[in-house]
Amino acid sequence: MPEATAPKPGTEHFDVLIVGAGISGVGAAYHMTKQCPDLRFVVLEGLESFGGTWLMHRYPGIRSDSDLYTFGYRFKPWVGTPIATADEIRKYMGEVIAENDLARHIRYGHRIATAAWSSKDNRWTIEGTKTETGEPFRITASFLWMCQGYYRHAQGYTPEWKGMAEFKGRIVHPQTWPEDLDYKGKKVIVIGSGATAATLVPAIADDCAHVTLLQRSPTYFIPARNQNPLADQLRGLGIKEEWIHEIVRRQILRDQDLFTHRSFSEPEAVKKELLAGVGAFVGPEALEEHFTPKYRPWRQRIAFVPEGDLFQTVAAGKTSVVTDEIERFTAKGILLRSGEELEADIIITATGFNLSVLGDIAFAIDGRPLDFAQTVTYRGMMFTGVPNMVWVFGYFRASWTLRVDLLADFVCRLLNHMKRKGAKKVEVALRPEDKDMPLLPWIDPENFNPGYLMRSMHLLPKRGDKPEWQHTQDYWREKDELPKIDLDDAAFVYDGHVRTRGRSEPVAAK
């Protein structure tokens, strides 16, 4: 990508700066080396190593809630069990880094504070702090590739309940699990009903005196064997791992597509199937009382529970499930709305996380602070008025990494297209035919409504009512549509040729 002016002395300049060395950032780095080998890039990571979620989260039993044949990259075969531990996922990522000589591009312990775009220079200036020394750093880049994830690593979400200070035991959030936490022989309450609670409870139940899973409302789960029969059969035939990865991946994606469409077209049948899987472990009475959600399938993420291990602990009497609301904390534990008091030595709040819009970095465009909530998203990856930047936000109903690969293809194609055009700047803008398009929340809450999104919807960009101006959350559409995007469509404005004033030009915070 041609440069407008030389960077200031002492400031490093890169064609592309990738933010984050988690599953998205490592994938982006791989694709840069293969699809844009002549461009100079750097990956900045705030943590001490790669892995993102799989490095930050240290709670017992942490594992994926979707299969690694699709959560893994398309270019790197997965050879383990479908549901993998954090250590297994980081080992896999480490192999990608080693096999493709990516380490030389990654700088750890670089926490970004600000990102400022200059139209005069056609570049981003990134400033932050090196966490090990406290030394400030400053880097410029022609293009930003935001791969930092979507939640705050430093602190999980815990509601403020009455009386929390009165509790005599420890209150712990899984996202910041203390290394010195001793739960052996203790009475433990785990608050929550999602994937984290479903992972954590079976990992600690054998060591605790007893675990109580306290939930406000039930969640859907898929309990099944942690194996893929097709993969096992193909390995038995001596098929190459690259072929196995592709064949199994295609089968899983086809099955997921059918399941997702059935959740809309025949929700009651899908609900019955999901409940039957859980009921086989816990019986009809517990199923009715504690494991029958009130919403239709796929309005929230459905976690895979390998071997039904959560439900096995319930059936064995090691875990009790209580469905109720919290009135207040007490010195001994938690008082419920029903009047029952649950006693505990430790309370674990598996209550979700706090959304982080673009890494909580302070963005500015030509000196004006940027409010992303005032922008409109182009296919959930670019924003009106924000030049030379793409954000990776994955799928809710399919593996996150599927979109990492798709968007990498798009970004690299866009960078190469800009190089051919001699363009130094690209941004998206509403076209004349989009002028009267209604602007809506980022996600339709009737379609998908997890708590972390509902709490933070006001921070996210707007969407339109046309496919180009929304994040469809549909991998099976996007895998065909994204490669066909016309990079010379009127939605793409190169080198600042804004057509009209108003909604087609950058929108900055007041």
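Up top is the structure.
As the structure is a computational prediction, the values presented were derived from the model and not from experiment. (Residues numbered from 1 in each chain as written. Predicted model: local features only at pLDDT ≥ 70, side-chain atom pairs only at ≥ 80, totals over all residues. Heavy atoms only, no water.)

Visitor: Talk me through the state of the cysteines; I want residue IDs and the actual numbers.
Guide: Counting across every chain of the model gives 0 disulfides. Counting only cysteine sulfurs, Cys 412 is the nearest neighbor of Cys 147, a cysteine outside any disulfide, at a range of 11 Å. Classification of Cys 147 by relative accessible area gives buried; the value is 4%. (Disulfide = S-S within 2.5 Å. Buried < 20%, exposed > 50% of the residue type's maximum accessible area, 1.4 Å probe, protein only.)

Visitor: Pulling in residues and values, what's your account of the pairing of strand β19 (residues 362–365)?
Guide: In terms of strand pairing, strand β4 (residues 110–118) meets β19 through 4 bridges, oriented parallel. Bridge pairing in β19 places Thr 114 opposite Ala 362. Across 2 bridges, β19 lies against strand β20 (residues 368–369) in antiparallel orientation. The residue bridging Ala 364 from the neighbouring strand is Pro 369, located in β20. (Pairing = 2+ DSSP bridges. Helix = DSSP H or I, 4+ residues; strand = E, 2+ residues; numbered from the N terminus.)

Visitor: Explain unusual backbone geometry residue by residue, including any values.
Guide: If you check the backbone angles, Asn 122 has positive phi at about 55° while not being a glycine. Mapped onto the elements of the fold, Asn 122 is located in the loop between β4 and β5 (123–130). Its identity as a non-glycine residue notwithstanding, Arg 379 has a phi of 50°, on the positive side. For Arg 379, the location among the structural elements is in the loop between β21 (377–378) and β22 (382–383).

Visitor: Can you tell me about the packing of aromatic side chains, naming the residues and giving the values?
Guide: On inspection of all chains with the given rule, the structure shows 27 aromatic pairs. Their ring planes at 15° and their centres at 5.9 Å tell us that Tyr 73 and Tyr 92 sit as a pair that is stacked. Of this pair, Tyr 73 sits in the loop between α3 (68–71) and α4 (86–99) while Tyr 92 is found in helix α4, placing the two residues 19 residues apart along the sequence. Like Tyr 73, the residue Tyr 92 is buried in the burial classification. Centre to centre, the rings of Phe 393 and Trp 400 are 5.4 Å apart; their planes meet at 45°, and the pair counts as tilted. For the pair Phe 393 and Trp 400, one class covers both residues: buried. In textbook terms, an aromatic cluster arises when at least three aromatic residues are bridged by ring pairs, as seen for Trp 117, Trp 124, Phe 363, Phe 372, Phe 383, Trp 391, Phe 393, Phe 396, Trp 400 and Trp 442. One cation-aromatic arrangement involves Arg 90 over Phe 50; the distance from NZ or CZ to the ring centre is 4.4 Å. Across the ring face of Tyr 494, the terminal group of Lys 421 is positioned such that the distance to the ring centre comes to 4.8 Å. (Phe/Tyr/Trp six-rings, centres within 6.5 Å; stacked < 30°, edge-to-face > 60°. Lys NZ or Arg CZ within 6 Å of the ring centre and 35° of its normal.)

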